[in-house]
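Letter by letter, the chains look like this.
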Amino acid sequence: MHGQAVVVGVGESEYYKHGRSPDTEFQLACTAIKNAAEDAGLELRQLDGLISYMDDRNSPLRIAAALGFDELSWSATPWAGGGNNSSATLQFADAAVCGGYANYVVGFRSLAQGQFYRLGAGTGVASGGGPPGLGWGLPYGLMTPAQECALHTKRWMHDHGVSQEALANISLACYANAQLNPRAVRYGQALTREDYHASRWIVEPFHLFDCCQENDGAAALIVTTPERAKDLPGKAVPILATAQGLGPEIGANAFQERWFPGMYYGNVGRMIWERAGVKPEDIDVLQLYENFTGPVVMALCEMGYCEPEEVEAFTGDGALEGPNARLPFNTSGGNLAEAYIHGLEMVVEAVRQSRGDSTCQVDDVNLSLAVGGPGYAPGSAVLFGPAS
Amino acid sequence: MTRYLGDEFLTPTLTEQNTPFFTSGRIQIQFCDDCDHAQQPPDDVCYSCQGTNLAFRATPGTGSVESAVLVHHPIHPALQERVPYVVVVVSVDGAPGCNVTGNVVGCPPESVEIGARVRAVFEEAKDPATGQDLLIPQWELVQD
Ligand SMILES: [Zn+2]
């Protein structure tokens, strides 16, 4: 059990449909960080560490200069992939403040997909980015994360007799929870099971509503030590455990037989449960990054929530919907229905649940878990305890 | 043969590592000459013995479909008229553990099932940068 570093502030920009932000990506990043500092009761000049992921285009040097940091003493970004590293930002921040290398470290992610390219458009993959397996798919029209995750999901559903309803359960839970959240881009757009099944296919087995949105916006969290947090006005949320890395399910190449089909999240679960000394059923509220619904159901199984053959029942009958769900899940609406800020908005929501200020607030939250994007290694997760 | 997704569709950017696969007219897989480990995609180091005596070997050119999905959303303008098309993961006979991706040609896309046996066929194309001839591996169903 860690219990050392704490989150003392969270901030967001407004969330927009992709291409709709009136602000540049850099302005969005600065807005989210300013809001997080205000939430924490900190002056911008006191911030001294910056962490992002997924090759964020907003350099820490530029941010530190623009926001007037007295000093930048820690900057880092995890290698590889995309939203799989959303929770890893908190691990790096924890390491920095516990190691004494920085005092107030910001984890952030900003994107304006009108200003820059859309991840789902496959542009990055076509130009040689993305997992090594995908570059080989280009002449075959295999160019997007949706297609890659669909190949894994299709085989996994085939092997375990999992039907489309398990995927629908994930999508419906996210949309239902977003209806409680006025910040959500899909607020006011309820989704029925009929709507889900009637929506167009993107790549089977993924309908439109199995796929995350594309959005503009930014999110940020500020991490410090419990000692420093005592001097701040707001609540402090302890980081109980984090995980980031590769396991035997290493996923170096997307379709290698050893790892196919798989989401590479067995190791993430094992590390979190061992480090925190808890089990999946102990978690009061779970935010599990949905790039697509298939990876979510696969990751639930890999992390030990249930067996693949049980996942339809485990997620069915509203088991994931609302604050009183059997497993409160993606309570802000997640990537599917709140906004796709590459999962960092889900880490913010996990902190809100610990502080008691979610729009879908679960009673008496003791353990709040945020898991980064399955399907891409290295995976990551962060477990929060109750605020003090 | 003409290309499954149209003769104008994107071609692979050739590298030292993928040139044997995309130009030789065989299913060439990288093997380790020290320990006989096969790996795909190729790399500079053997993932089994960490040696560097790596070479490409032609495999028999048959395999099995490990997964098959129908793509409906055209991700590239040239695919507007081609959807739905099928994308597969194929385990390559004679290269243990190695899966490659491709399309299954010559049949309705929805008829390709997990477990189907397939045989390699090759699409002719030219590398737009160098004019080099390409033979892009594809797959067709083998009738038992
Ligand atoms: Zn070897």
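The structure this text deals with has already been given above.
Residue numbers run consecutively from 1 along every chain, following the written order of its sequence. Each chain gets a letter, beginning with A, and each ligand a number, beginning with 1, in the order they are written. Reporting of local features is limited, given that this is a predicted model, to residues whose pLDDT is at least 70; pairs of side-chain atoms are given and counted only at 80 or more, and all residues count toward the totals for whole chains, interfaces and linings. Water and hydrogen atoms were dropped before computing side-chain values, which therefore reflect all heavy atoms in the structure.

**Re the overall build of chain B**
So the rule is basically this: Numbering of helices and strands starts at the N terminus; helices are DSSP runs of H or I of at least 4 residues and strands are runs of E of at least 2. C-alpha atoms define the radius of gyration, and 2.2 Å times the number of residues to the power 0.38 defines the globule rule. Think of it in three bands: residues with accessible area under 20% of the maximum for their type are buried, residues over 50% are exposed, and the middle band is partly exposed, with areas taken using a 1.4 Å probe on protein chains only. Here a residue-residue contact requires only that any non-hydrogen atoms of the pair lie within 4.5 Å. Computed with a 1.4 Å probe, the accessible areas rest on the Shrake-Rupley method; for each residue, only the protein chains presented here act as cover.
For chain B, the count of helices and strands is one helix and nine strands. Scanning chain B from its N terminus toward the C terminus, one meets helices and strands in the order α-β-β-β-β-β-β-β-β-β. Its C-alpha atoms give chain B a radius of gyration of 16 Å, near enough to 15 Å, the size a compact globule of 144 residues would have. Each principal axis of the C-alpha distribution contributes one length, and for chain B these read about 45 × 40 × 25 Å. Taken over 144 residues, chain B has a buried fraction of 50%. A separation of at least 24 residues holds for 56% of the contacts in chain B among residues at least 6 apart in sequence. Surface exposure of chain B reaches about 6500 Å², of which carbon and sulfur atoms provide 47%.

**A closer look at the environment of tryptophan 273 of chain A**
Residue and element names in this part refer to chain A. Basically, it comes down to this: Throughout this description, a polar contact denotes any pair of N or O atoms lying within 3.5 Å of each other; where both atoms belong to protein, one of them has to be capable of donating a hydrogen while the other can accept it, and for residues adjacent in sequence the pair is counted only when both atoms sit in side chains.
If you trace the backbone, tryptophan 273 turns up in helix 10 (residues 266-276). Residues contacting tryptophan 273, with those up to four places away along its chain left out, are Val278, Lys279, Pro280, Ile283, Met303, Tyr305 and Leu369. Here methionine 303 takes part through its backbone oxygen, which lies 2.8 Å from a polar atom of the side chain of tryptophan 273.

**Section: the pairing of strand 1 (residues 6-12) of chain A**
All names here are of chain A. We count it as follows: Following DSSP output, two strands are said to pair if at least two bridges run between them.
With respect to burial, strand 1 is a largely interior element, seven of its seven residues being buried. Where strand 1 lies against strand 9 (residues 237-245), two bridges are found, and the strand directions are antiparallel. Residue pairing in the sheet places valine 7 in a bridge with valine 237 of strand 9. The sheet contact formed by strand 1 and strand 8 (residues 215-224) spans six bridges and is antiparallel. By the bridge assignment, valine 7 is partnered in strand 8 with valine 223.

**A look at the interface of chain A and chain B**
Many analyses report the size of an interface as the accessible area lost when the parts associate. The following threshold applies: The term buried area denotes the loss of accessible surface (1.4 Å probe radius) that occurs when two parts are joined, taken as the sum for both partners. Note on definitions: salt bridges are taken to be side-chain nitrogens of Lys or Arg within 4 Å of carboxyl oxygens of Asp or Glu. Classification convention: Asp, Glu, Lys, Arg as charged; Ala, Val, Leu, Ile, Met, Phe, Trp, Tyr, Cys, Pro as nonpolar; all other residues, Gly among them, as polar.
The interface of chain A with chain B comprises 28 residues on the first partner and 40 residues on the second. A combined buried area of about 3000 Å² lies between chain A and chain B, and 63% of that area is made up of carbon and sulfur atoms. Together, Trp136, Pro139 and Tyr140 of chain A form the three largest contributors to the area buried by chain A at its contact with chain B, with a combined 30%. Between arginine 155 of chain A and glutamate 66 of chain B there is a salt bridge, with the nearest N and O atoms lying 2.7 Å from each other. Where chain A touches chain B, the interface holds 15 residue pairs in polar contact (both at pLDDT 80 or more). For the side of chain A that touches chain B, the secondary structure elements donating two or more residues are helix 6 (145-160) and strand 6 (201-203) of chain A. Tallying contributions element by element places helix 6 of chain A first for the side of chain A that touches chain B, with six residues. Here the residues of the side of chain A that touches chain B sort into 15 nonpolar, eight polar and five charged.

**Looking at the environment of tyrosine 340 of chain A**
Residues and elements named next belong to chain A. Tracing the chain through its elements places tyrosine 340 in the loop between helix 13 (334-337) and helix 14 (344-355). Owing to a relative accessible area of 4%, tyrosine 340 belongs among the buried residues under this scheme. C-alpha separation for the pair tyrosine 340 and glutamate 290, spaced 50 residues apart in sequence, amounts to 9.1 Å.

**With respect to the coordination of the zinc ion**
Residue and element names in this part refer to chain B. Selection rule: Note that water is not among the atoms considered, so a metal site may appear incomplete; the donors listed are N, O and S atoms within 2.8 Å of the metal, with 3.2 Å applied to Na, K and Ca. Between 85 and 135 degrees for all angles marks four donors as tetrahedral; over 155 degrees for opposite donors together with 65 to 115 for all other angles marks four donors as square planar and six as octahedral; every other arrangement is irregular.
Taken together, the protein ligands of the zinc ion are Cys32 (SG), Cys35 (SG), Cys46 (SG) and Cys49 (SG), with distances of 2.3 to 2.4 Å. Because the angles between the four donor atoms bound to the zinc ion fall within 103 to 116°, the donor set is best described as tetrahedral. On the accessibility criterion, cysteine 49 (33% relative accessible area) is partly exposed.

**Points about the pattern of salt bridges**
Residue and element names in this part refer to chain A. Scanning the entire structure with this criterion turns up 19 salt bridges over all chains. Residues glutamate 12 and arginine 183 are paired through a salt bridge, measuring 3.9 Å at the closest nitrogen-oxygen approach. Placement of the pair is glutamate 12 in strand 1 and arginine 183 in the loop between helix 7 (164-178) and helix 8 (193-198), with a sequence separation of 171 residues. The buried category is assigned to glutamate 12, whose relative accessible area is 14%.

**A closer look at helix 7 of chain A**
Residues and elements named next belong to chain A. Under the convention used in this document: By this rule the span expected of a helix is its residue count minus one, scaled by 1.5 Å.
Between the first and last C-alpha of helix 7 there are 22 Å, a value that for 15 residues agrees with the 21 Å anticipated at 1.5 Å per step. Taken across its 15 residues, helix 7 has 13 buried, putting it largely inside the fold. Put simply, serine 163 is the residue that caps the front of helix 7, since its side-chain oxygen is 3.1 Å from the backbone nitrogen of glutamate 165.

**Considering the pairing of strand 6 (residues 99-102) of chain B**
For a regular strand, side chains alternate in direction, first toward one face of the sheet and then toward the other. Residues and elements named next belong to chain B. Of the two faces of strand 6, the one holding Asn99 and Thr101 and the one holding Val100 and Gly102 are both buried throughout. Where strand 5 (residues 85-92) and strand 6 come together, four bridges link them in antiparallel fashion. Across the sheet, the residue bridging to valine 90 is valine 100, located in strand 6. If you look at the hairpin formed by strand 5 and strand 6, you'll find six residues sitting between the two strands, and glycine 94 has a positive phi there, around 85°.

**Here's the deal with the sheet that holds strand 3 (residues 54-58) of chain B**
Residue and element names in this part refer to chain B. If you trace the three strands from one edge of the open sheet to the other, you get 2-1-3, paired in antiparallel fashion. Looking at which strands have only one partner, the edges of the open sheet turn out to be strand 2 (38-39) and strand 3. Pairing of strand 1 (residues 28-32) with strand 2, which is carried by two bridges, proceeds in the antiparallel orientation. In the strand pairing of strand 2, phenylalanine 31 is matched with alanine 38.

**Examining the nonpolar core**
Applicable threshold: In this text, buried Ala, Val, Leu, Ile, Met, Phe, Trp, Tyr and Cys residues form a nonpolar core when linked through side-chain atoms within 4.5 Å.
In terms of nonpolar packing, the biggest core is built from 111 residues, with Ile283, Leu286, Tyr305, Phe329, Leu369 and Leu383 of chain A together with Ile29 of chain B touching the most fellow members. No other element matches helix 7 of chain A, which puts nine residues into this core. Contact partners of isoleucine 29 of chain B, with chain neighbours within four places excluded, come to Ala38, Gln39, Gln40, Ala55, Phe56, Arg57, Thr59, Val92, Ala95, Cys98 and Val100 of chain B. Ranked by size, the runner-up nonpolar core spans 31 residues in total, among them Ala102, Val185, Ile239 and Leu344 of chain A.

**A look at the packing of aromatic side chains**
The cut-off we apply is this: Working definition: a ring pair exists when centres of Phe, Tyr or Trp rings (six-membered ring for Trp) sit within 6.5 Å. Plane angles under 30 degrees give stacked, over 60 give edge-to-face, the rest tilted. Whether a charge lies above a ring is judged from NZ of Lys or CZ of Arg, which has to be within 6 Å of the ring centre and within 35 degrees of the ring normal.
Applying the stated criterion to the full structure yields ten aromatic pairs over all chains. Taking the centre distance of 5.9 Å and the plane angle of 65° together, the rings of phenylalanine 255 of chain A and phenylalanine 260 of chain A count as edge-to-face. When the centroid spacing of 6.1 Å and the interplanar angle of 75° are considered together, the rings of tryptophan 273 of chain A and tyrosine 305 of chain A count as edge-to-face. Of this pair, tryptophan 273 of chain A sits in helix 10 while tyrosine 305 of chain A is found in the loop between helix 11 (293-302) and helix 12 (311-315), placing the two residues 32 residues apart along the sequence. Residue classification places tryptophan 273 of chain A among the buried positions, given a relative accessible area of 12%. Among the aromatic residues, those joined into a ring-pair cluster are Trp136 of chain A together with Phe21 and Phe22 of chain B. Here arginine 62 of chain A stacks its cationic end above the ring of phenylalanine 26 of chain A, 3.7 Å away from the centre of that ring. Above the ring of tyrosine 53 of chain A, the side-chain terminus of arginine 109 of chain A is found at 5.8 Å from the ring centroid.

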